[in-house]
Amino acid sequence: MSKVKESIDVDVPLHTAYNQWTQFEEFPKFMEGVEEVRQIDDRRTHWRTSIAGAEREFDAEIVDQLADERVSWRTVGGEVQQMGTVTFHSIDADHTRVSLAMDFQPHGMAEKAGDMLGILDRRVKGDLKRFKGFIEERGQESGGWRGRISPA
């Protein structure tokens, strides 16, 4: 498994950053290669991606979610194997640090070569920068889910 860790500071309050991140169906607006995310229920999402011409579909399960602190997930079906956690830390009343840590299993020669070249690291960094621009431009979240999902 490959590991990626990236953080970014966003100029919005913690609850705004967290609430926007829980709007999974909005991810295609700031995540490169994400074509669609469909929320199946509180715990499950279905993803359709297209990266470097490789189209993939998979399901992900939220395994731990605590409002204003973290969202952790893992894939549960399809061709993609990954797990990760995004955490939210208040810097002050109007600024939040968003940190993402992800483990990813590259498949095939192209993904393995891309991983060795640091493409996933750059993609995650770019996605976080686009999230920053997305939420700061809006100034407010488009919605939010504040329920609790506890690890099994």
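Nothing here was measured: the structure is a model prediction, and the numbers come from that model. (Residues numbered from 1 in each chain as written. Predicted model: local features only at pLDDT ≥ 70, side-chain atom pairs only at ≥ 80, totals over all residues. Heavy atoms only, no water.)

> It is not clear to me how the overall build of the protein should be interpreted in this structure. Could you clarify?
Helix and strand counts for the protein come out as three helices and seven strands. Helices and strands in the protein line up, N terminus first, as β-α-β-β-β-β-β-β-α-α. For the protein, the C-alpha radius of gyration of 15 Å lies close to 15 Å, the compact-globule estimate for 152 residues. Along the longest, intermediate and shortest principal axes, the C-alpha atoms of the protein span 45 × 30 × 25 Å. Within the protein, the fraction of its 152 residues that count as buried is 41%. Put simply, of all contacts in the protein between residues at least 6 apart along the chain, 52% involve residues at least 24 apart. Just so you have it, the protein exposes about 8,200 Å², and 49% of that area is on carbon and sulfur atoms. (Helix = DSSP H or I, 4+ residues; strand = E, 2+ residues; numbered from the N terminus. Rg over C-alpha atoms; globule rule 2.2 N^0.38 Å. Buried < 20%, exposed > 50% of the residue type's maximum accessible area, 1.4 Å probe, protein only. Contact = heavy atoms within 4.5 Å. Areas by Shrake-Rupley, 256 points an atom, 1.4 Å probe, with all protein chains shown as cover.)

> Could you clarify how one ought to interpret helix α3 (residues 119-138) in this entry?
The periodicity of an α-helix, 3.6 residues per turn, causes residues three or four positions apart to be oriented the same way. The end-to-end C-alpha separation of α3 is 28 Å, in line with the 28 Å expected for 20 residues at 1.5 Å each. Listing the buried residues of α3 in full gives L120, R123, V124, G126, D127, L128, F131, F134 and I135. One or two positions beyond α3, positive phi appears at G139, with a value near 80 degrees. (Expected span 1.5 Å × (residues − 1).)

> So what exactly am I meant to see when it comes to helix α1 (residues 14-21) here?
Of all the eight residues making up α1, seven are buried; the element is thus mostly covered by neighbouring parts of the structure. Those residues of α1 that sit buried are L14, T16, A17, Y18, N19, Q20 and W21. The inward-facing, buried residues of α1 abut β1 (2-10), β4 (54-66), β5 (70-78), β6 (81-92), β7 (95-105) and α3.

> Sorry, what's going on with the pattern of salt bridges here?
Charged atoms that come close allow side chains of opposite charge to pair. On inspection of all chains with the given rule, the structure shows 15 salt bridges. Here R70 ties to D64 by a salt bridge, and the two come within 2.6 Å at their closest N and O atoms. By relative accessible area, R70 is classed as partly exposed at 22%. By relative accessible area, D64 is classed as buried at 10%. Three or more residues joined by partner-sharing salt bridges are found here, namely E32, R123, D127 and R130. (Salt bridge = Lys/Arg side-chain N within 4 Å of Asp/Glu carboxyl O.)

Interpretation note: all reported values are geometric properties and have no functional meaning in isolation.
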